[in-house]
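Spelled out, the chains give:
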Amino acid sequence: MTTHQVLAKELLLLPQGSAMALADDITLTPLPKLIGVAGRINHGKDWVCDLVRQRAAVLTATLGFGDPLYRAAAGFLGVPEEVVRARSSKDGDCLNGYALTLRRFLQRLGRWAREEISENVLVQLAADTINRIGSNPGGVAVPAVITVTGLRCANEAAWIHRNNGEVWYVRDCAAHETNADRDPIETGLPVASVDRFLVHGPDKPALKWQVNAELHRLGIPVCDWPPAEYPMSAGT
């Protein structure tokens with residue numbers, strides 16, 4: 001079995017060359033409020049998702065466009081998925097037998113999936129996950145807000161917009177660019193696809209305040225609103 005066949009099996013993807021719907025045709029039922037979260041490597045995307053979960057006074061859920069890639073990489077490498085997801089693993093030494101880090105491996109895997117299977121493959125898999133959540137399995141309540149992290153491409157943003165959502169771009173002013181940041185997959189999102197920019201420094205209060213304000217703007221009930229005075233010392 002070739003590397004591509006192994007990865008396709010782990011991704012549970014359609015056979016190469018199969019037709020896949022356009023992003024605008026991949027719809028959700030029922031329709032939660034979607035927040036797509038974009039940003040460079042280690043700029044706080046997961047942090048924002050955690051803040052939405054903590055601050056929103058409604059049921060929320062989080063998934064990532066990259067979730068299938070983590071599962072595929074874990075299966076291919078024969079390690080637990082939490083190992084693949086750990087920042088220390090992604091930014092650590094090169095993989096045994098490969099002249100690239102785990103993060104670069106994941107970047108290439110994502111590019112391969114989009115180019116060889118369909119540019120919408122990760123959109124379709126995210127939609128399938130959300131529709132399973134929305135089918136109310138086992139009587140579990142359906143989330144009112146779903147954050148989708150790891151948004152990197154214009155078609156992913158278009159799908160978010162098509163389905164009652166908006167795109168937030170997170171930027172950490174204190175972060176330094178790395179070689180991995182220069183990969184084309186990290187720079188493919190047009191500015192025009194972004195609805196709101198969340199710019200922060202290393203301190204949490206300012207980003208927490210911004211997330212509170214954005215949720216309030218969207219009409220989503222927020223814990224402890226209105227907030228205390230804006231933290232001018234937060235270093236933004």
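Q: Would you mind going over the side chain of Ser 118 with me for this structure?
A: Counting through the fold element by element, Ser 118 comes out in the loop between helix 6 (102-117) and helix 7 (121-134). Of the residues examined, Ser 118 reaches a relative accessible area of 12% and is grouped as buried. Within the structure, the side chain of Ser 118 is placed 3.0 Å from the backbone nitrogen of Asn 120, a separation counted as a polar contact.

Q: Help me out: how do you make sense of the packing of aromatic side chains in this one?
A: For any pair of aromatic rings, geometry is given as the distance between the ring centres together with the angle between the planes. Within this structure, the stated rule accounts for three aromatic pairs. On the basis of an interplanar angle of 70 degrees and a centroid distance of 6.0 Å, the ring pair of Phe 65 and Trp 159 is categorised as edge-to-face. Separated by 94 residues along the polypeptide, Phe 65 in the loop between strand 2 (60-64) and helix 3 (67-77) and Trp 159 in helix 8 (residues 154-162) bring together distant segments of the chain. Assessed through its relative accessible area of 0%, Trp 159 is described here as buried. Both rings, one in Tyr 169 and one in Phe 197, keep their centres 5.8 Å apart while their planes meet at 50 degrees; by these two values the pair is tilted. Of this pair, Tyr 169 sits in strand 4 (residues 165-172) while Phe 197 sits in strand 5 (residues 196-200), and the two are 28 residues apart along the sequence. Accessibility expressed as a relative area gives 19% for Tyr 169, which makes it buried. The exposure class assigned to Phe 197 is partly exposed, which follows from its relative accessible area of 45%.

Here is what the cut-offs are and how they apply
- Residues take numbers from 1 onward in each chain, read along the sequence in its written order.
- Residues qualify for local features only when their pLDDT is at least 70, as the model is predicted, and side-chain atom pairs are given and counted only at 80 or more; totals for whole chains, interfaces and linings, by contrast, use all residues.
- Excluding hydrogens and water, the side-chain values take into account all heavy atoms of the structure.
- Only DSSP runs of H or I with at least four residues qualify as helices, and only runs of E with at least two residues qualify as strands; both kinds are numbered from the N terminus onward.
- Buried, partly exposed and exposed residues are distinguished by accessible area as a fraction of the type maximum, computed with a 1.4 Å probe on protein chains only: under 20%, between the cut-offs, and over 50%, respectively.
- Any pair of N or O atoms that falls within 3.5 Å is considered a polar contact. Within protein, one atom must be able to donate a hydrogen and the other to accept it, and sequence-neighbouring residues count only if both atoms are side-chain atoms.
- Stacked, tilted and edge-to-face pairs are distinguished by plane angle, under 30 degrees for stacked and over 60 for edge-to-face with tilted covering the rest, among Phe, Tyr and Trp rings (Trp via its six-membered ring) whose centres lie within 6.5 Å.

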